[in-house]
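# A look at the structure
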Amino acid sequence: MRTYLVTGGSGFIGSNYIHYMFDRYKDEIRIINVDVLTYAGNPENLKDIENNENYTFIKADICDRDAIEEIFAKNEIDRVVHFAAESHVDRSIRNPEVFVQTNVLGTLVMLNCAKKAWELEDGSFREGKRFLHVSTDEVYGSLEEEGTYFYETTPYDPHSPYSASKASSDLVVKSYIDTYHFPAFITNCSNNYGAYQFPEKLIPLIINNTLQGKKLPVYGDGKNVRDWLYVMDHAKAIDMVMEKGRIGEKYNVGGHNERQNIEIVKTIIHTIAEMLPDSDPRKAHVNEELITYVADRKGHDRRYAIAPDKIRSEIGWEPETKFEDGIKMTIKWYFEHQEWMQHVTSGAYQKYYEEMYR
Ligand code: NAD
Ligand code: DAU
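Definitions and cut-offs
Residues numbered from 1 in each chain as written. Chains lettered and ligands numbered in written order. Predicted model: local features only at pLDDT ≥ 70, side-chain atom pairs only at ≥ 80, totals over all residues. Heavy atoms only, no water. Axes fitted to C-alpha atoms, helices over the stretch in contact; angles between N-to-C directions. Helix = DSSP H or I, 4+ residues; strand = E, 2+ residues; numbered from the N terminus. Left-handed = near helix turned anticlockwise from the far one by under 90°. Contact = heavy atoms within 4.5 Å. Buried < 20%, exposed > 50% of the residue type's maximum accessible area, 1.4 Å probe, protein only. Pairing = 2+ DSSP bridges. Core = buried A, V, L, I, M, F, W, Y, C linked by side-chain atoms within 4.5 Å. Arc of directions from axis to C-beta. Near = heavy atom within 4 Å. Polar contact = N/O pair within 3.5 Å; in protein donor to acceptor, adjacent residues only side chain to side chain. Areas by Shrake-Rupley, 256 points an atom, 1.4 Å probe, with all protein chains shown as cover.

## Thoughts on the packing of helix H2 (residues 65-74) against helix H4 (residues 97-118)
Where H2 meets H4, the axes come as close as 9 Å, and the angle between the chain directions of the two elements is 35°. The chirality of how H2 crosses H4 is right-handed. Residue-level inspection shows Arg65, Ile68, Glu69 and Phe72 of H2 in contact with H4, the latter providing Val109, Met110, Cys113, Ala114, Lys116, Ala117 and Trp118.

What follows is the structure, given as structure tokens:
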């Protein structure tokens, strides 16, 4: 039985990945989730599997070397899937320091602990051990023209403190691959959407505000473009790279689902309007009048677009969920999990929202 050490498994993508893995492999795998539970980490995301005997949660900070070393010492870890990070660009613009701390130094701790546990006396690594560093397309910077794409060979050009910290962490992982032949992969994925996403990010924020009849803040002219991927397709890509990827390689994940932000916002409004029954009083306020253009994000990247050629040709992965289906499934999930939304938007979120959007 393989044992996975997942960092940041209580966050958005990490919790979806853990669900995906238990659905796919059932009791053939064991997962240890290490998460310090920042504002973005939520044990409710994994409530349905918390009693699974193949699942263990450990509350620990990836920057805490002793705690991480102990996990490797006490468990035979075969795979590390490293999600844990500060992930929100707007927060990085207001408070960059924690991004460097968690994303760069935390990644270094994870690498060192895995290296120590897996390295043999001759400097090679124990058979079958793998480390996958989950990164972002934002490391490549911003595209202007339609028809240009991010490839694995595109030079790094990060702009926000978040993307700079992720770029730095990628380079640290690369240095371990190049220097020690450390058995790692790097995946650079585009914008994810789906269940359990914290409503500081565009899609859940717009869904929540629309349902509540609150203003829908659109930055700048609303024409920035993101390449949206359904989160379960990302989870599948990570699993496939882990099992079929060439060690030491990086793979872009995403592909050809570019949308302007304003299009996303309008799609959400119209989909919610369609889904609400006529008898629902919220239906009266669900319309485009909620849209409010607000000041642009500082250093706002114009366009992201992934060329998924390498992962498709080498590994056989392709995005499977059409945006039209994925966004409906996502909205339906938020309809059905309003208690989840109430829990995550009480307390500290209110303060964040007021400071961010006042
Ligand atoms: P998230 O913010 O929802 O979750 C991050 C998780 O990491 C949380 O559970 C948090 O508690 C945990 N964490 C933060 N600091 C920690 C620390 N010091 N020690 C232990 N745990 C800590 O993020 P997400 O959107 O799920 O993103 C996960 C990863 O995927 C990140 O590395 C991010 O850069 C990358 N990524 C995200 C997207 C996206 O669209 N969301 C796209 C591409 C790549
Ligand atoms: O591209 C991958 C990245 O996608 C990940 O690495 C990040 O972790 C993830 O947060 C996401 O970054 P973005 O900045 O692209 O996502 P966000 O949801 O914050 O914003 C998406 C777009 O919507 C962006 O152009 C900014 C805009 N936006 C966002 C918010 C929160 C608005 O117009 N209004 C808003 O209120």
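## Here's the deal with the pairing of strand S4 (residues 79-82)
Covered by surrounding structure in S4 are Arg79 and Val81 together with Val80 and His82, the residues of both alternating faces. By the bridge criterion, four bridges tie strand S1 (residues 2-7) to S4 in an arrangement that is parallel. By the bridge assignment for S4, Tyr4 is matched with Arg79. Pairing analysis gives four bridges linking S4 to strand S5 (residues 130-136), with the strands arranged parallel. Each residue of the ladder has a partner; that of Arg79, found in S5, is Arg130.

## Some thoughts on the nonpolar core
Ranked by size, the top nonpolar core spans 37 residues in total, and within it Ile203, Ile207, Ile268 and Ile272 carry the most contacts. Listing elements by their share of this core, those giving two or more residues are helix H6 (202-212), strand S8 (216-219), helix H8 (261-275), helix H10 (323-336), helix H11 (338-345) and helix H12 (348-357). Setting aside residues no more than four positions away along its own chain, Ile272 makes contact with Ile207, Thr210, Leu211, Val286, Ile331 and Phe335. With 34 residues, the next largest nonpolar core counts Tyr4, Leu46, Phe83 and Tyr251 among its residues.

## With respect to H2
Those residues of H2 that sit buried are Ile68, Ile71 and Phe72. Buried residues of H2 fall within an arc of 95° about the axis and therefore sit on the same side. Residues of H2 that are exposed and point over 90 degrees away from its buried face: Asp66, Ala73 and Lys74. On its buried face, H2 is in contact with S1, strand S2 (29-35), strand S3 (55-59), S4 and H4.

## Focus: the site of ligand 2
Surveying the vicinity of ligand 2 reveals 23 residues, the closest of which are Asp137, Tyr162, Arg297, His300 and Tyr357. Asp137 is positioned with one of its side-chain polar atoms (N or O) 2.5 Å from an oxygen atom of ligand 2. One of the backbone nitrogen or oxygen atoms of Leu202 is found 2.8 Å away from an oxygen atom of ligand 2. Here ligand 2, which alone exposes 690 Å², has 95% of that area covered by the protein. At three residues, the largest contribution of residues to the shell around ligand 2 is made by S8.

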